[in-house]
Amino acid sequence: MRAAALNAAASPEPDRDCPLCPRLHDFIATLREREPSWFNAPVPTFMPPEGEDSVRLLIVGLAPGLRGANRTGRPFTGDYAGDLLYGTLIAHGLARGEFKARPDDGLELVGTAITNAVRCVPPENKPAGEEIATCRRFLVPTIARFPNLRAVLALGSIAHQSTVRALGGRVAALPFRHGGRQEAGGITLFSSYHCSRYNTNTGVLTEAMFVNVFSEIEAFLRG
């Protein structure tokens, strides 16, 4: 049974002008003046066309990138992290089509949804602790909205920790590690280093390491 923390009655998506985190709200307001053609709002969960009932895997990232999802309005779209993530999803049958780093490229997810622990772009890509905690009010019902969800993949330690808490678990009991697989709130939680350009350029995460995580997830979902 899912953890009691999962409240399906709450809204899984913040309003476009969500005021809950003043620093992020003000940052987006500044960006709207500077870049009026950008999305510049909380980025919604990317869903498969078959809808909520089809989702068995949820991927949780950290937050929208300034010139990535904050610009395009789709998670992991417009920056390097999306190249690696969506290419890997396509290779494992979890997405179809061709990723062209545009929200209108026709790419579709298969049995998978993608969201972020923090929905608004943070300055310098660094959300504050209270912002992560505040935005969990959207992560909790996002997890709860998928009745057939079997697995969550958290990208990076912050996404991992927020997901553990959203599932009603204790971070101390379920620590982050790359390639981790743990049970929390009736869900199998996989973890990987974030697929950012910084992590791949520094060798913290190689493509082979990332592919191995998805190979394990693919095998788990087939089981």
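Residues numbered from 1 in each chain as written. Predicted model: local features only at pLDDT ≥ 70, side-chain atom pairs only at ≥ 80, totals over all residues. Heavy atoms only, no water.

*Asks:* Sorry, what's going on with the nonpolar core here?
*Replies:* Most often, soluble globular proteins have nonpolar side chains that are buried together. Of all hydrophobic cores here, the largest spans 27 residues; its most connected members are Ile59, Leu85, Tyr86, Leu89, Ile114, Leu153 and Cys195. Breaking this core down by element, the ones donating at least two residues are strand E1 (57–61), helix H3 (80–91), strand E5 (151–155) and helix H7 (207–222). Per element, the largest residue contribution to this core is six residues, and it comes from H7. Sequence-distant contacts of leucine 153, defined by excluding residues within four places in its chain, comprise Leu57, Leu58, Ile59, Val60, Phe190, Ser191, Ser192, Val213, Phe214 and Ile217. (Core = buried A, V, L, I, M, F, W, Y, C linked by side-chain atoms within 4.5 Å. Buried < 20%, exposed > 50% of the residue type's maximum accessible area, 1.4 Å probe, protein only. Helix = DSSP H or I, 4+ residues; strand = E, 2+ residues; numbered from the N terminus. Contact = heavy atoms within 4.5 Å.)

*Asks:* Quick question: what am I supposed to make of the pairing of E1 here?
*Replies:* Two faces belong to every sheet, and in a regular strand the side chains alternate between them. Within E1, five of the five residues are buried, which leaves it mostly tucked inside the rest of the structure. Residues of E1 alternate between two faces, with Leu57, Ile59 and Gly61 on one and Leu58 and Val60 on the opposite face, all of them buried. Two elements, E1 and E5, share four bridges in a ladder whose sense is parallel. Within E5, the residue paired with leucine 57 across the bridge is alanine 151. (Pairing = 2+ DSSP bridges.)

*Asks:* What am I meant to see in the packing of aromatic side chains here?
*Replies:* The geometry of two aromatic rings is summed up by the distance between their centres and the angle between their planes. Using the criterion set out here, one finds five aromatic pairs in the structure. With a centroid separation of 6.3 Å and 70 degrees between ring planes, the pair formed by phenylalanine 46 and tyrosine 86 is classed as edge-to-face. Residue phenylalanine 46 is found in the loop between helix H1 (22–34) and E1, and its partner tyrosine 86 is found in helix H3; the two are separated by 40 residues along the sequence. Overall, the relative accessible area of 12% leaves phenylalanine 46 in the buried class. A residue is classified by how much of its surface remains accessible, and tyrosine 86, at 0% relative accessible area, is buried. (Phe/Tyr/Trp six-rings, centres within 6.5 Å; stacked < 30°, edge-to-face > 60°.)

*Asks:* What should I look at first to understand the sheet that holds strand E6 (residues 181–184) in this one?
*Replies:* Strand pairing in a sheet is mediated by backbone hydrogen bonds. Such pairs are either parallel or antiparallel. Spatial ordering of the open sheet is given by E4-E1-E5-E7-E6, a layout of five strands whose pairing is mixed. Since the sheet does not close on itself, it has two edges, and those belong to strand E4 (112–116) and E6, each with one partner. If you compare each strand with its neighbour and ignore which way they point, the axes differ by 25 degrees on average. (Axes fitted to C-alpha atoms, helices over the stretch in contact; angles between N-to-C directions.)

*Asks:* Can you help me understand the packing of H3 against H7 in this one?
*Replies:* Two quantities define a packed helix pair, namely the angle between the helix axes and the distance between the axes. Contact pair H3 / H7: the axes reach a minimum separation of 10 Å and the direction vectors enclose 45 degrees. Regarding the angle of H3 to H7, the classification is oblique. Here H3 runs over H7; the crossing is right-handed. Contacts between H3 and H7 involve Leu84, Leu85, Thr88 and Leu89 on the former and, on the latter, Glu207, Phe210, Val211 and Phe214. Considering only residue class, the contact of H3 with H7 consists of six nonpolar, one polar and one charged. (Parallel < 35°, antiparallel > 145°, perpendicular 65-115°, else oblique. Left-handed = near helix turned anticlockwise from the far one by under 90°. Nonpolar A, V, L, I, M, F, W, Y, C, P; charged D, E, K, R; others polar.)

*Asks:* What is the right way to read the side chain of histidine 160 from this model?
*Replies:* Turning to its location among the elements, histidine 160 is positioned in helix H5 (residues 157–166). Look at histidine 160 and you get buried, because its relative accessible area is 0%. Once residues within four sequence positions are removed from consideration, histidine 160 is found in contact with Ala154, Leu174, Pro175, Phe176, Gln182, Leu189 and Ser191.

*Asks:* Would you mind showing me how to read H7 here?
*Replies:* Each α-helix turn comprises 3.6 residues. Residues three or four places apart therefore point the same way. The end-to-end C-alpha distance of H7, which contains 16 residues, comes to 22 Å, matching closely the 22 Å that a straight helix rising 1.5 Å per residue would cover. Of the positions making up H7, those classed as buried are Phe210, Val213, Phe214, Ile217, Phe220 and Leu221. Down the axis of H7, the buried set is contained in an arc of 115 degrees. They therefore lie on one face. Opposite its buried face, H7 presents the exposed residues Asn212 and Arg222, each directed more than 90 degrees away. (Expected span 1.5 Å × (residues − 1). Arc of directions from axis to C-beta.)

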